[in-house]
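# Reading the structure
Here's the letter readout for the chains.
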Amino acid sequence: MTLPGPFGTPSRLTAVVLAAAAVLAVALLGAGLAQTGTGELRIPAAGTTTLLRLLLLTGLAVHAGELAGTRIAGAEGPLPRRWSVPAALLAATASAALLLLLAAVSGLSLPVVYGIREGRLLLVTANAFTLAALCAASRRPALAALPLAVAIGAEALRAHPETPGFGVGTALTLVHLTAASLWCGTLLHVLRTLRLRAGGRQVLLRYARMAACVYGALAVTGTVSTLRRLPLDAVLATAYGRVLIVKLLLFAGASLMALAARSRLLTGGDAQPPARTELRVLGAVMVVSALLTVVPDPHRLAP
């Protein structure tokens, strides 16, 4: 028995099942393991929150990447089936579930939760993704870029509750989240496109140029945000620092795969194998990034 679409063979099905199980384990258990021995307060419903944030980030990356990837692929050949509508609906559902979870954990009614900052931002995010799904299903799917930008802005504000408006940290998160979504999502769409086309060297070249800019923005904003948020003496003593180390190692692995793919592309070799590995590592980065949004904020430990 084989799966339709990108999975193909039973061995790949087994790999997908194992990967899904690993993702679920990291999402549900990761926060508790990272906080072992730190003395930090446990976050209520951390595992469920991590899983829902992962679904939100995945939906965002797939939709944003499809918008960018469609422009990169052009009209030179067939395009893969659009995933933007289910991706946006997945993110909208995850946002709504996070809103309900917030109400359950806080013991507040939904009308009261709507009145607090995080509740309002989650409501904006859910509505933005719903509107993005409607745009994606219309004759002008590119219009979804606007509600996706609103969703990213709301998520950047949520990540910095200590800042009343768009401060430096919020702006850095805005750029970082946009760049991360484009890197992962666009690579996914480009690889799906190449499966339908013979060759595809020009598509990969156009993607590589965009990815270089996205990578630069991601590296700069990530470095500055870390230096602003994480005291050096808290790197190993906090859950945030421990999870960040794992993320940096995975980011380094994805960078090496990206360099290998670019090298093969420039020398006329087959760049798709390292690019597929790069995508898998980026998937792991996304899982750890979702976990990073749930562990305690280390900036509160600073004197």
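See above for the structure.
Residues numbered from 1 in each chain as written. Predicted model: local features only at pLDDT ≥ 70, side-chain atom pairs only at ≥ 80, totals over all residues. Heavy atoms only, no water.

### Thoughts on helix H3 (residues 84-106)
Rules: Segments assigned H or I by DSSP are reported as helices when at least four residues long, segments assigned E as strands when at least two residues long, and all are numbered from the N terminus. How far a helix is expected to stretch is found by multiplying one less than its residue total by 1.5 Å. Burial classes: relative accessible area under 20% of the type maximum marks a residue as buried, over 50% as exposed, and values in between as partly exposed (1.4 Å probe, protein chains only). Here, two residues are considered to be in contact whenever any of their heavy atoms come within 4.5 Å of each other.
Taking 1.5 Å per residue, 23 residues should reach 33 Å; H3 reaches 33 Å between its end C-alpha atoms and fits that length. All of the buried residues in H3 are Ser84, Ala87, Ala88, Ala91, Ala92, Ala94, Ser95, Leu98, Leu99, Leu101, Leu102 and Ala103. If you follow the buried residues of H3, they end up packed against helix H2 (46-73), helix H4 (110-115) and helix H5 (117-136). Downstream of H3 by one or two residues, Gly107 has phi in the positive range, about 75 degrees.

### Side note on the packing of H2 against helix H6 (residues 145-158)
Using the following cut-off: Angles shown run from 0 to 180 degrees and are taken between the N-to-C directions of axes, each axis being a line fitted to C-alpha atoms and, for helices, limited to the stretch in contact. For a crossing to be left-handed, the near helix must be turned anticlockwise from the far one by less than a right angle; the clockwise case is right-handed. The classification used treats Ala, Val, Leu, Ile, Met, Phe, Trp, Tyr, Cys and Pro as nonpolar, Asp, Glu, Lys and Arg as charged, and all other residues, Gly among them, as polar.
At a closest axis distance of 11 Å, the pairing of H2 and H6 adopts a crossing angle of 145 degrees. For the pair H2 and H6, the crossing hand works out as left-handed. Touching Arg53, Leu60, His63, Ala64 and Leu67 of H2 are Ala145, Leu148, Ile152, Glu155 and Arg158, all from H6. Broken down by class, the residue content of the contact of H2 with H6 amounts to six nonpolar, one polar and three charged.

### Some thoughts on the pattern of salt bridges
Heads up, the rule is: Salt bridges are defined by distance alone: a side-chain nitrogen of Lys or Arg within 4 Å of a carboxyl oxygen of Asp or Glu.
What the rule picks out here adds up to two salt bridges. Among the ionic pairs, Arg53 bridges to Glu155, the shortest N-O distance being 3.2 Å. Highlighted residues: Arg53 in helix H2 and Glu155 in helix H6, separated in sequence by 102 residues. The residues Arg53 and Glu155 share a single accessibility class, namely buried. Between Arg158 and Glu155 there is a salt bridge; the shortest N-O distance is 3.1 Å. In this pair, Arg158 and Glu155 both sit in helix H6, three residues apart, roughly one turn of the helix. Under the relative-accessibility criterion, Arg158 is labelled buried at 13%. You can call Glu155 buried: its relative accessible area is 7%. Salt bridges sharing partners connect three or more residues here, namely Arg53, Glu155 and Arg158.

### A few points about the side chain of Arg197
To keep things clear, this is the line we draw: The term polar contact refers here to a pair of N or O atoms within 3.5 Å; inside protein, the definition further demands a hydrogen-donor-capable atom paired with an acceptor-capable atom, and it admits residues adjacent in sequence only when both atoms are side-chain atoms.
Secondary-structure assignment places Arg197 in the loop between helix H7 (168-196) and helix H8 (201-229). Classification of Arg197 as buried rests on a relative accessible area of 12%. Of note is the side chain of Arg197, whose polar atom sits 3.1 Å from the backbone oxygen of Ala73. Within the structure, the side chain of Arg197 is placed 3.0 Å from the backbone oxygen of Pro78, a separation counted as a polar contact. Excluding anything up to four places from it in sequence, Arg197 contacts Ala73, Gly74, Glu76, Gly77, Pro78, Leu79 and Val203.

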